[in-house]
Structures are given as C-alpha cells and as structure tokens.
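# Geometric and topological summary
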Amino acid sequence: MNFSNLDIPCEEFTLGNGLKVIVHEDHKTPIVAVNLWYHVGSKNEKPRKTGFAHLFEHLMFGGTEHLPGSYIESMERVGATDLNGTTSEDRTNYFENVPTSALDFALFAESDRMGHFYNTISQEVLDLQRGVVQNEKRQGDNQPYAVVEDLVVRSTYPVGHPYDHTVIGSMEDLDSATLDDVREWFKTYYTPSNSVLVIAGDVSTADAFEKAKRYFGDIAPGPPVSHQRTWIARLTDRHRETVEDRVPQARIYKVWNVPEYGTVAADRLRLTAAVLSSGKSSRLYKRLVYDDQIATQVSAYLDEREIGSQFVVTATARADRDLKAVERAVEEELDRFLQDGPTEHELSRMKTQSYAAFVRGVERIGGFGGKSDILATNQTYLGTPHGYKGRLRNLEQATAEDLRETAREWLSNGTYELKVNPFVARTPAAPVDRSEAPALGTPHELSLPPIHEGRLSNGLKILVAERHEIPVVNFWLEVDAGYAADQFGAPGTSRLAAALLTGGTARRNALVISEELQSLGAQITAGSNLDISTVYLSALTATVDDALDIYADVILHPAFPETDFERQRQLQLSTIANEKATPIQMALRALPPLLFGPKHAYGLPLTGSGTEESVTGLTREDVVKFHQSWFKPNNSTMVIVGDTTLAEIKPKLEKYFAEWSAGDVPVKNVAPVPLPSKPAIYLIDKPGALHSVVIAGTIAPPHDAKTEPALETMNNIFGGTFGARLNMNLREDKHWSYGAASLLYGARAQRPFLAYSSVQGDKTADTVSEMLKEVNGMLGSRPVTEEELAKVKQQEVAELPGSHETMNAVGGLLSDLLQFGLPLDYYSSYVKHVSELTVANVECMAKSVLNPNALVWLVVGDRAALEPSLRALGVGEIIPTEA
C-alpha cells in the first residue's frame, strides 16, 4: 500500500487579524465540524498559577455577551454532536458537529466566545467553574492508580520545564486564582492570532471562508506569544520510585523522555510501541500475558506532545505473581528488541494496522481523530495542515533497522521507573496500659442509509446498509444470548466465552489469528451486553474475503484451548477485583440483584463479569456448552455496514457460513418483576474515600415504539443531558459534583432506570435529598415547563444527523433496534413522534417510572463518615452491603 497517497484536501486562509482558517469539504452527511484550536495549554502557565488553561476551558462554556447561559445547552438545542472542549499540555480546543443549517449559529457562538467573552468573566462564574474543576480533580484522585500522574510528571521533568506540572493543576493554585489573573490569561492567549479554525463537512470552501470572515474578522488580534518548539529534557541514568495505592494488583511504569510530535524519531517510536504491545502476538503481550501468564495487562505507547514526548511501558502483575518477575520479563523483551529490532513480518503487520486505524479515523469529519482534528493538530504543531502526510510517509518508509537504531538511541538509558504496590490495610493493636512507664528492656530494631434485508440458506438473517465513503466493511453477528443467558449456567460465562472466541480454532491458534488480522488490516472483537453476544469484524474492502474466512472460523470453530481458558479466567477474576476497587463499578455490581432479585436473568452485576465464586467454578466445558447452546443461525442476525452491497456480500457469507446449521435454543426467562416495595439505602464501604457515588435505581418498562420517545424525553429533562435538572442542580448550582445524570439502561425487557452522581463526601446526604427533590419535582412539585420540553425536543431531533455519521454508529443503531425489539423503521417516524410530544405525555412517563417509594438507593463511600447523616434523612433503612 502507498500510505502517503491518502489525502484530506483542504484550502487555507489567513484573516487580517491573524486567524488561520482551514476548510475541508465532505458532503456525505448534512453536518459540519467546527474545530477551534487555541495554541495554549498547561505548558504556558507560570509558577503557582497551574491549572489555568484547564480552568479556562471550563469558564468558556459559561456563556458570552450575546449568547448568555450555558454554551453546551445552546449548542445542544441546535443539534450539536461530538460537542466538547479539552485541554492538553500544548493546546485548548473546542469542537462540535452541527447540522449544515446550524453552521452560522455555531460560528457565531465560537466567535462570540473568542471576541465577546471577556466582559462576562465575573467572580460568580469563576467561583462556580473553579468548584467544578476541583470536583473533577477529586473525582480523578478517587480512581485506582491516581497517584501515578503527579509522581511521573514531577520525576521526569525538571522544575521550570513547561511540562513540570499536571494539566489539571493543584488545588492550592486553583484556590488562589483571581479575577484579574484569568482575565489577563484570556487577553493573552484566546485571540485570533493565536488560533486555528477548521471547518470540515457539508459546506463549500467559498461559503466557509466567507462565514469565517464575517463572524471572526472583526475580532482584534492579540499580543505576540512565544511558543517553545523543542525541549526534550532527556533523562540520564535510572530513576526508581515505589508507592502504595488502594489497588488490587501491583503495576510498573517505565518512562523515557523522547523527541516531539512530527519528528521522524517520534514516528518510529510509535511503531516500536505497536510492535511491543499491539495484539496478542506482540512481544510484551505474548511473553507476559499469554506465555508466562504473570501479568493481566501490558502496554507500550508514545504520549506525543509539541516540544517533547514520552515513551511509556506499563505492566500489571497478576494478583498472585511477583512484580519483580514482571519487571524482569519487560526488561528482557526490551533488551531483545534493542539487540535485534523487529522482524520484517512484525513491521509489515504494524504498518498495515496503523494505516488501517488512520483510515477508519478519517471517515469522521469531527471528534478525536477525525479529519478536522487531524488538520488542526498538524497546523498548530507543525505549521501546515498537511503534516500528517509526512507522518504517513515516515510510517511507510520505516525499516526494521530504522526502528532498532532509533530505539537504541532513545530507550537504552535515561528511564524513570515507578512501582505501584497494593496498600496493605493496617489496624492498631489494643490500647496499652499507660498508667506507668514500662521498665527499660533490651533495645530492638486504577442520515441512515437504506437497510437491505436478506436471509442465508441456513436461516441467518442479514441486514446491509451501504456506506461507500471509505474502503471498509464492518460486520456484527448479533447472537440472542448475552449476560441474561447466564441464568442457564454461571454468572460470567457469557463474558468469558466472548473473550475466548478469538483464542484459537481448529485451524488457527490465537497468535496466528492476531497476526493474520493485523496483516489484513482487520479487527475482530467479541463481547456481550445484557441480551446480546456480539462478534464484530472490521475489514478493508480489498481484504474482506480473507478476513471473512477468519471471522467464520472464529464464530463456527472456536477451540477454547484449556491453557487459554485458564489464562482468561484469571484475567476475569482480576477484572472483578478491579471492579470492587472502583466506586462506580462497585455500585453497578451491587445494584441489579437489589432491583431484580438474585435469581432473575438481570439480577447479575451489570458488568457481566460474574462473581469470584462463579468464575472460579467455571470450566472449559461450560464455555463450550454456552457456544453450542446459543450460537445458531436461527438465533442470530448479521448486520453489515460499509463498502459493499447485499448482492455482493450475500454469496460470500453463504460460502463461509454454509456449514452452520440451525437448532433448538433455550428460552431466556426475563419475566416482569414488581417494583421495589419500599425505599432503602444500601451502603458500600470505601474507607477514606473523598468522593461518594450516589445512585437511585428503579425499574422502567421495556421498549415500546409508541412510548419510547416520550420516555426518552422525560429522562432527558430529568437527567439525560448536560442541561438536565440533575446536572444543573448538583454540578452547576451546587458544584458538589463534576457531573450528575440519569439513564435508561439498555435491555430488552424491563430495564434499570438509574440516577447517579459522584459527589464530595461531605455532601452525600445532601445529594440524596436534592435528587429526591428533583424526582418529586418531575411528579408535580416543579412541573415540566413548555420551555424545557421544547429545548429537549429540538435537541433530540437536531442531533440525529451527527449521531449517525460513522459506519460503527449506523451498525450500533441497528444492533440496538434488534436488541430492544424495535422496528427497523423506528427512526423513519421518530421526528414526527418527538415533535408531537406534549407536557402531558412527559408527565405520564414520569409517573410511570419516578416513584420515590420504589427507589433503591446505593451509596459507595466512607461508611463511618456517611452513615449518621444518611440515617438522619429518614429515607429508608440503612443496609450495609458489598460489591
């Protein structure tokens, strides 16, 4: 393949005020991506003023002179998707995909944010967003392995280096930020002369430039800004550090400071990382996870930045293995690479895999890795939007010797190594008698395309949606099994079976499958949700036949080798241990049996991982039985989206799946269950937790095409969107939380309805009260307004085009319709149904779901600190429980 021939055509303009404008046309869908990059990040911050770049990212969502109120709500109303803002060490970006008809509005909003935000920066706004950012930091600090980031940053960059602090900054610096500080920051960096605007999508170049000039042209340029270009801060010798954290498994990190984004060395090191850890046959994965089975996770990656990157290797030891053995194996594999370099086969495979990943990314106009993101990145860091061509050329031209020599130059010395060991809980001894001094003794020492239907001769139903923009075809085999099928076996069987599908067949072992797929630029994954087990294939059009041969082999002839089974079973047990250490997953494990009862098909952990007892007891024969019982063509549907047609793909599927025979399938019991009879608060203890997870759960009715739009709209008003009541209360008004939301969990039968938030520990009981207040508000104490309904209806309708841009989005949508039993033409009348919704419809749905007397509350936090205040609420019985 000629990688460098791939082109993202664009036109470049520079306005009189210095704003760089880049336009790319893509007319496949009536949406346009707007991506605005400000060349400022945490590396521009001064000492004792860390976190300013990230704080300002949040401030800029607070409204402007001519567009007051929440920026996100304004954009959601016009149907924006892929809407976000992010901050890195080197840049701050804001991006959204909008319907073509809303492009003027989006450009007006972004330009108002750039040119007319200064006068809206008030002390009230600063205090509000400072609280939100501090909650984001607390929430991050509450995760497993959270101690790592600060330690790595402080230990790999000297004081005074632009990268010597984290992007989110310190609590102390955020507390001390003044109004004058943030206003000066805005005047210096958020200017047209320090920015790049990319407009990509369904718009002509001439129109895009005219609109950019109209809305941005009158904004004054900013002062001169200096930009560091290279400061690698290469490490010397070896720096080792050890820390304890509340984690179930030990982990090692190895970090090298290496050249910056856009250099030949960086591109070769990206390939080196892929050879070391991408795929089951990669050096580190095969050695540590597959062969020696001493680790549950290993990765190597290049964290690319503007003035200097970091090459990182991490490995997580199995709970019953010594981290020293893991470290020794990592070093041996790195030494082997430095000595011999990659094989030609490894290099070819990784080149194809990297190119395929790039190709899949450029299907999208917006979002991370989309075309607008690529153009903005390269213009900002390399001075040309076409910089990606050089990166592709470096990828194509790299030789095995190039990778070996570059690795020798940068990875032979100068490393920082951090070991994270599980914290060992310690308890004090009984009190000592201190009535008198003792005598001295001896001294001691973590827009839909048309759907074409068909059926194979064996009864397998196929659905084909054509998308010809890029040469890729994606397949989803949807098997009616999922976690609910575990009721016929043991919890965790479905997830374990899916993980083992690619572990080998009668013709291929796992390493051969991994190598063949990478050589074809293809991907196969398998997984499950509550109702469905899915096997996914993504293949380049040119290699689809060979990829289908592997796909069918994996589906029809999985070998489930005993050694692979035992290794994967241990990995699943490690997953369960990690879930029990992560607050939100602790809650998702404990809640289902409280709602559905432990014997119901949905009464298992929502993660699907099962329990230690069930997974420990699983045998290879259990997994074989699961596959034989459920994987039948009459119990499955094949969804195909991409560069093909029904007439073209059906004969291929007949060829590869001809031997698959229909058969009897068990009938899952997902019978209706009654609502919880009374409220109660179940409390999971997480000693020392700074944040608490609060979830209110109940049971919602199954999907129904007639009532689903009203139910979704009710949820979106209550907690399903950024501007919903829950988030506005707990995040924007109280700033107790980084975010609060509600959701209708995906299920074919009755489904969980969850309202949740991660909040400051000292506001846990208050959060329960506020969530109850919002529930009662939806039931009448604060009726839904016409304005709220109109806003959500507009958002639901307007965001449809941007939600279905990619092949995976279309495939996921069809898979959802199949899972939930909705008609394939559900979205053909969706806009009509949403438009006709009334306040009365929404109130009816609220009364059918939001019953305060049928809420099960689950709180994960420091029990000793929380129990008294939760008990004082009088909501219901306080019941200690476990994840």
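In this text the structure is predicted, and so the values were computed from the model without any measurement.

## Overview of the overall build of the chain
A count of helices and strands for the chain gives 32 helices and 23 strands. In terms of overall size, the chain behaves like a compact globule, its C-alpha atoms giving a radius of gyration of 28 Å where 883 residues would be expected to give roughly 29 Å. If one aligns the C-alpha atoms of the chain with their principal axes, the spans along those axes are about 85 × 75 × 70 Å. Among the 883 residues that make up the chain, the fraction classed as buried is 60%. Looking at the chain as shown, the accessible area adds up to about 34,200 Å², and 51% of this sits on carbon and sulfur atoms. Counting 85 positive and 116 negative side-chain charges, the chain places the centres of these two groups 2 Å from one another.

## Brief notes about helix α23 (residues 646–657)
Compared with an ideal rise of 1.5 Å per residue, which puts 12 residues at 16 Å, α23 spans 16 Å between its outermost C-alpha atoms and is within 8% of the ideal. Buried positions along α23 lie against β13 (461–466), β14 (472–479), α18 (544–556) and β17 (636–642).

## Things to note about the nonpolar core
Core analysis: the biggest nonpolar cluster contains 81 residues, and Val258, Leu288, Phe311, Val326 and Leu411 have the highest contact counts within it. Examining the composition of this core, we find that 8 residues originate from one element, helix α9 (residues 264–277), more than from any other. Grouped together as the second largest cluster of nonpolar side chains are 54 residues, Val40, Phe56, Val98 and Ile219 included.

## Overview of helix α13 (residues 371–382)
An ideal rise of 1.5 Å per residue puts 16 Å on 12 residues; α13 measures up with 16 Å between its terminal C-alpha atoms. Along α13, 11 of the 12 residues are buried, which leaves the element largely enclosed by surrounding structure. All of the buried residues along α13 are Lys371, Ser372, Asp373, Ile374, Leu375, Ala376, Thr377, Asn378, Gln379, Thr380 and Tyr381. In the stretch just after α13, Gly383 is the one whose phi turns positive, near 80 degrees.

## Quick notes on the sheet that holds strand β2 (residues 20–25)
Ordered in space as β1-β2-β6-β3-β5-β4, the 6 strands form an open sheet in which the pairing is mixed. Taken across any chain shown, the strands that pair with only one partner, and hence form the sheet edges, are β1 (11–14) and β4 (81–87). Going from strand to strand, the sheet's axes swing by 15 degrees on average, the running direction of each strand aside. Summarising the sheet, β4 and strand β5 (residues 92–99) pair through 5 bridges and their orientation is antiparallel. Looking at β5, one finds that Asn84 is bridged to Phe95. Contacting β3 (31–38), β5 and β6 (195–201), helix α3 (residues 103–115) runs over the sheet at an angle of about 10 degrees to β3.

## Points about empty space enclosed by the protein
In this structure, the largest cavity occupies an estimated 70 Å³ of space. The wall of the largest cavity is formed by 14 residues, among which Ala497, Ala498, Leu501, Ser533 and Phe631 lie closest to the centre. Broken down by secondary-structure element, the contributors of at least two residues to the lining of the largest cavity are α16 (493–500), β15 (523–528), β16 (533–540) and α22 (620–630). In the lining of the largest cavity, the residues fall into 8 nonpolar, 6 polar and no charged. Ala696, Phe718, Phe753, Ala755, Met771, Val775, Leu850, Leu855 and Trp857 are the residues that line the second largest cavity. Looking at the lining of the second largest cavity, the elements that each hand over two or more residues are β21 (751–760) and α26 (764–781). Split by residue class, the lining of the second largest cavity holds 9 nonpolar, no polar and no charged.

## Observations regarding the sheet that holds β16
Read across the sheet, 6 strands follow the order β12-β13-β17-β14-β16-β15 without closing on themselves; strand pairing throughout is mixed. The two strands at the open ends of the sheet, each matched to only one other strand, are β12 (451–455) and β15. Strand-to-strand twist in this sheet, taken as the mean axis angle between neighbours without regard to direction, amounts to 15 degrees. In terms of strand pairing, β15 meets β16 through 6 bridges, oriented antiparallel. Residue pairing across strands places Ala526 opposite Val535, the latter belonging to β16. Contacting β14, β15 and β16, helix α12 (residues 344–361) runs over the sheet at an angle of about 100 degrees to β16.

## Some words on the side chain of Gln379
Residue position: Gln379 is located in helix α13. If we ignore the near neighbours within four places in the chain, the residues touching Gln379 are Glu12, Lys20, Ile22, Val196, Thr384 and Pro385.

## Regarding the pairing of β16
In terms of burial, β16 is largely enclosed, as 8 of its 8 residues are buried. Burial along β16 is two-sided: the face carrying Ser533, Val535, Leu537 and Ala539 and the face carrying Thr534, Tyr536, Ser538 and Leu540 are both buried. Here 8 bridges tie β14 to β16, and the two strands are oriented antiparallel to one another. Its bridge partner lying in β16, Val479 is registered against Ser533.

## A short note on the pattern of salt bridges
Taken as a whole and judged by the stated rule, the model has 67 salt bridges. When the shortest N-O distance is used, the salt bridge between Arg408 and Glu405 registers 3.6 Å. Of this pair, Arg408 and Glu405 both sit in helix α15 (residues 400–411), 3 residues apart, which is roughly one turn of the helix. One salt-bridge network, in which partners are shared between bridges, spans Arg238, Arg240, Lys254, Glu327, Glu331, Glu417 and Lys419.

## Considerations on the packing of aromatic side chains
With the rule as written, the count across this model stands at 30 aromatic pairs. Pairing Phe52 with Trp185 gives two aromatic rings, centres 6.0 Å apart and planes at 70 degrees, and the pair type is edge-to-face. With Phe52 in helix α1 (residues 52–59) and Trp185 in helix α7 (residues 179–189), this residue pair connects regions lying 133 residues apart in the sequence. For the pair shown, Phe52 and Trp185 are each scored as buried. Relative to Tyr190, the ring of Phe56 lies with its centre 4.8 Å away and its plane at 35 degrees, an arrangement referred to as tilted.

## Things to note about the environment of Leu683
The residue Leu683 is located in strand β18 (residues 680–685) in this model. Look at Leu683 and you get buried, because its relative accessible area is 1%. When the C-alpha positions of Leu683 and Ala497 are compared, they lie 32 Å apart, and in sequence the two are 186 residues distant.

## Details of the environment of Lys652
With respect to the helices and strands, the residue Lys652 is situated in helix α23. Expressed as a C-alpha distance, the spacing of Lys652 and Asp549, which sit 103 residues apart in the sequence, is 9.4 Å. Residues in contact with Lys652, not counting those within four places in the same chain, are Val544, Asp545 and Leu548.

## Quick look at the packing of helix α11 (residues 323–340) against α15
Where α11 contacts α15, the two axes come as close as 7 Å, and the packing angle between them is 125 degrees. Accordingly, the angle class assigned to the pair α11 and α15 is oblique. Crossing angle aside, the handedness with which α11 passes α15 is left-handed. Between α11, through Phe337, Leu338, Gln339 and Asp340, and α15, the contact on the second element is made entirely by Leu403, Arg404, Ala407, Arg408 and Leu411. In terms of residue class, the contact of α11 with α15 is built from 5 nonpolar, 1 polar and 3 charged.

## Some words on unusual backbone geometry
Although it is not a glycine, Tyr145 adopts a positive phi angle of roughly 65 degrees. Here Tyr145 lies in the loop between α4 (123–141) and α5 (148–156). For Tyr145, a relative accessible area of 6% translates into the label buried. Despite not being glycine, His735 has its phi angle at roughly 40 degrees, a positive value. Summarising the element assignment, His735 is placed in the loop between α25 (725–733) and β20 (737–744). On the basis of relative accessible area, His735 is assigned to the partly exposed category, the value being 27%.

## As for the pairing of β4
In terms of residue burial, β4 counts as a mostly covered element, since 5 of its 7 residues are buried. Here β4 folds back onto β5 in antiparallel fashion, the turn holding 4 residues.

## Remarks on the environment of Asp766
With respect to the helices and strands, Asp766 occurs in helix α26. As a C-alpha pair, Asp766 and Leu870 span 104 residues in sequence and 8.7 Å in three-dimensional space.

## Quick look at the confidence of the model for the chain
Per-residue confidence for the chain averages 93 on the pLDDT scale, and 99% of its residues sit at or above 70. Within the chain, the element-level pLDDT minimum falls on helix α28 (residues 800–803), averaging 78, and the maximum on β2, averaging 98. Counting interchain partners and residues more than four positions distant, the pLDDT-below-50 stretch residues 442–446 has 12 contacts.

What counts, and where the lines are drawn
- Residues numbered from 1 in each chain as written.
- Predicted model: local features only at pLDDT ≥ 70, side-chain atom pairs only at ≥ 80, totals over all residues.
- Heavy atoms only, no water.
- Helix = DSSP H or I, 4+ residues; strand = E, 2+ residues; numbered from the N terminus.
- Rg over C-alpha atoms; globule rule 2.2 N^0.38 Å.
- Buried < 20%, exposed > 50% of the residue type's maximum accessible area, 1.4 Å probe, protein only.
- Areas by Shrake-Rupley, 256 points an atom, 1.4 Å probe, with all protein chains shown as cover.
- Lys, Arg positive; Asp, Glu negative; His and termini not counted.
- Charge placed at Lys NZ, Arg CZ, Asp CG, Glu CD.
- Expected span 1.5 Å × (residues − 1).
- Contact = heavy atoms within 4.5 Å.
- Core = buried A, V, L, I, M, F, W, Y, C linked by side-chain atoms within 4.5 Å.
- Pairing = 2+ DSSP bridges.
- Axes fitted to C-alpha atoms, helices over the stretch in contact; angles between N-to-C directions.
- 1 Å grid on protein atoms, 1.4 Å probe; cavity = no way out; pocket = protein on both sides within 12 Å on 5 of 7 lines; lining within 4 Å.
- Points joined across faces, edges and corners; volume = space filled by probe spheres on them.
- Nonpolar A, V, L, I, M, F, W, Y, C, P; charged D, E, K, R; others polar.
- Salt bridge = Lys/Arg side-chain N within 4 Å of Asp/Glu carboxyl O.
- Phe/Tyr/Trp six-rings, centres within 6.5 Å; stacked < 30°, edge-to-face > 60°.
- Parallel < 35°, antiparallel > 145°, perpendicular 65-115°, else oblique.
- Left-handed = near helix turned anticlockwise from the far one by under 90°.
- pLDDT = per-residue confidence, 0-100.

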